[in-house]
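Per-entry structural report
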Amino acid sequence: MDSKIFFEEVLTFLNKNQCILLWDKKINKYHNACIVVEKRILGVLKPKKTKEIQKIIVLANKFDIKIYPISIGNNWWYGTKNPITDDSVILDLSKMNKIIDFNNSLWYVRIEPWVTQEKLSNFLEKHKADFQMDPTWSSPQTSVLANSLERGFWIWLQNNHFENLANLEVVLPKWEVLHTGFGHYKNSKNKDVYKYWIWPYVDGLFSQSNLGIVTAWTIHLAPKFECIELMAIKIDSNKQLSSIINILQKLKRENICQFTINILHKKRVLSTKHQFPFKETNKTYIDEWLLLKLWDEMNISQWNIVTTLQWTWSIVSAQKREIKKRLNVVWIKASFITEKKLNFIYKYKFIFGFFMKKILNLDVNVLYETLKKTFLIFKWIPSTVSMKSSYYRSQIKYSDKNPDPARDKGGLYWISPVIPFIWKDVLKAYEIWKNICEKYWFDFAPTYSLANERFIDNTIALMFDKLSQKESVKAEKCYRELIKIYKKEGYMIYRSWITSMDLVVDKNDIFWDIKRDIKSVIDPNNIMVPWKYE
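Residues numbered from 1 in each chain as written. Predicted model: local features only at pLDDT ≥ 70, side-chain atom pairs only at ≥ 80, totals over all residues. Heavy atoms only, no water.

**Points about the pattern of salt bridges**
Definition in use: Definition used for salt bridges: Asp or Glu carboxyl oxygen within 4 Å of a side-chain nitrogen of Lys or Arg. Here a strand is any run of E in DSSP of at least two residues, a helix any run of H or I of at least four, and the numbering for each starts at the N terminus. Any residue under 20% of the maximum accessible area for its type is buried, any over 50% is exposed, and the rest in between are partly exposed; the area is computed with a 1.4 Å probe on protein chains only.
Counted according to the given criterion, the structure contains 24 salt bridges. Salt-bridge contacts for Glu-438 lead to Lys-434; the nearest nitrogen and oxygen are separated by 2.9 Å. Note that Glu-438 and Lys-434 are positioned in helix H12 (residues 423-440) at a spacing of four residues, about one turn of the helix. What makes Lys-434 partly exposed here is its relative accessible area of 25%. One network of salt bridges, in which partners are shared, links Glu-254, Glu-322, Lys-325 and Arg-326.

**Describing the packing of aromatic side chains**
Our working definition: Note on aromatic contacts: the rings of Phe and Tyr and the six-membered ring of Trp form a pair at centre separations within 6.5 Å, being stacked when their planes are under 30 degrees apart, edge-to-face when over 60 apart, and tilted otherwise. When the NZ atom of lysine or the CZ atom of arginine is within 6 Å of a ring's centre and also within 35 degrees of its normal, the charge is said to sit over that ring.
Summed over all chains, the structure comprises 27 aromatic pairs. Relative to Phe-444, the ring of Tyr-430 lies with its centre 5.0 Å away and its plane at 80°, an arrangement referred to as edge-to-face. Taken together, the residues Tyr-430 in helix H12 and Phe-444 in the loop between H12 and strand E18 (446-450) connect sequence positions 14 residues apart. For the pair Tyr-430 and Phe-444, one class covers both residues: buried. Members of the aromatic cluster, connected to one another through ring pairs, are Phe-182, Tyr-185, Tyr-194, Tyr-196, Trp-197 and Tyr-201. Here the basic side chain of Arg-393 rests over the ring of Phe-276, its NZ or CZ set 4.1 Å away from the ring centre. When the ring centre of Phe-442 is taken as origin, the NZ or CZ atom of Lys-474, which lies over that ring, is 5.1 Å away.

**Concerning the packing of helix H6 (residues 266-273) against helix H7 (residues 288-298)**
Counted only if it meets this: Helix axes are fitted only over the stretch in contact, all axes being lines through C-alpha atoms; the angle between N-to-C directions runs from 0 to 180 degrees. In what follows, roughly perpendicular refers to angles from 65 to 115 degrees, roughly parallel to angles under 35, roughly antiparallel to angles over 145, and oblique to any angle outside these ranges. Whether two residues are in contact is decided by their heavy atoms, any of which lying within 4.5 Å being enough. Three classes are used, and their members are as follows: Ala, Val, Leu, Ile, Met, Phe, Trp, Tyr, Cys and Pro are nonpolar, Asp, Glu, Lys and Arg are charged, and the others, Gly among them, are polar.
Contact pair H6 / H7: the axes reach a minimum separation of 11 Å and the direction vectors enclose 70°. In terms of orientation, H6 lies roughly perpendicular with respect to H7. Of H7, the residues touching H6 (which contributes Lys-266, Lys-267, Leu-270 and Lys-273) are Leu-291, Leu-294, Trp-295 and Met-298. Tallied by class, residues from the contact of H6 with H7 come to five nonpolar, no polar and three charged.

**Points about the sheet that holds strand E4 (residues 88-92)**
Heads up, the rule is: By definition, two strands form a pair when at least two bridges between them are found by DSSP.
Strand order across the open sheet formed by four strands is E1-E2-E4-E3, with mixed pairing between neighbours. In the strand order of this sheet, the two ends are held by strand E1 (19-21) and strand E3 (66-70), each with one partner. The average angle at which neighbouring strand axes cross in this sheet is 20°, direction not considered. Alignment of E1 against strand E2 (residues 41-45), held across three bridges, turns out to be antiparallel. Within E2, the residue paired with Ile-20 across the bridge is Val-44. Along the sheet, helix H1 (residues 3-10) contacts E1, E2 and E4; its crossing angle with E2, the most-contacted strand, is approximately 10°. Along the sheet, helix H2 (residues 50-63) contacts E2, E3 and E4; its crossing angle with E3, the most-contacted strand, is approximately 155°.

**Considering the nonpolar core**
Our working rule: Residues enter a nonpolar core if they are buried and are Ala, Val, Leu, Ile, Met, Phe, Trp, Tyr or Cys, with the set joined through side-chain atoms within 4.5 Å.
With 132 residues, the main nonpolar core has Phe-6 and Leu-45 as its most contacted residues. No other element matches the eight residues that H12 contributes to this core. Among residues more than four places away in sequence, those in contact with Phe-6 are Leu-45, Ile-56, Leu-59, Ala-60, Phe-63, Ile-65 and Val-89.

Right, here's the structure in full:
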């Protein structure tokens, strides 16, 4: 490996401002992470177009340089900008930020890697599009492409991002450019509307993989609805939750609740509203007396269920009637509110505020601020509503302006096992997480996202003080033990941190043998993100 000559040759076609070398202070931000991880980075390259990436790949093969591509690097909960292996060159695609095409009749857009949730949302609004994007709970400043390729979940209607991609443009490790689907036919008119074609479906090879660099893709978007209504349910015990799980599953199965239903534990809700009270305790978790005080002040229940009903007014009214009827059987009540009703309550808060505080123990100002951000998400506009949880154990005060938990020393592991939509499995996964957290003295803060009627995305936030070396070491042990136990019990994670990929790979499994065989053919010099899932 001769990195010096490599960079000299790269600078013959890239400008100096497209290259950050090892000794440049600008490289420091690429080391930021929400976990303790130190990787040696040889440099950072910022190509503006696909042809520049091809030239870089040719040189990487020539000089045995390891390449680690990122779109934005705001993948805070799984590794941020850090490469998996030392002595890698980061390929930062932040200068590839074009919205290439959009079709208002066929509900699709074609974009490059650095198009953020916010940029796409603003573009669709500016062009008065008849369709909209389905955002994630993460920051508006995250990449639509990166989340899709990592098979992240959208919030509401379309769930798995990757299922809505078509016509990928991919730079392969041998420098060739591949167009998937019908995209490899030059005169194709159906390449952006249909993702399959004759022969096996290869797009999946470039999802959560190290087999190529996706530089453009088409995303199929979702319709707008005339009626948007929030549904919330408060549950006071695990027993009550068990009685409602089957009802929620049937509501999903019968398409009465079409959008993802999120069930948040009280500590998860607390983490989105309140940073850890360092002044009141020196422990790594909040004492029960203090928790009870905070929960009471914020009117947080044991379990907090939220989803949205969206369609025509008549259909939403029919959905509400059916939901109420089914919940009445188990003596559980759902609350419904539109944004118009929320604005009305806030406008006349001098009337409603007193009664809401006296009867419901709700602060109308806090309610308004929380639901206003939530309605942005419901209207499919990216929001920072859940970003505060990334700062829960950070000693830097959270701000809605440009939040960056990696920069601000927010300690967080994101653990995401997928569990069957069966109460005994929900309870089993709950007990595993609760017991391990208590063993290591961390707060227990799970969320259950009911994406469809068959499985639940059980996202778990392991929050710690990254400024404490002792606590950081303990958090890593807790994280690794959790993944091992989940795997042993059959609840596999669907995404992994860069430091824990060894925990999901079994060397004596033919699945991983085939993965290695494919890698050796497509990337014979192993320059593209070596050791990913090894």
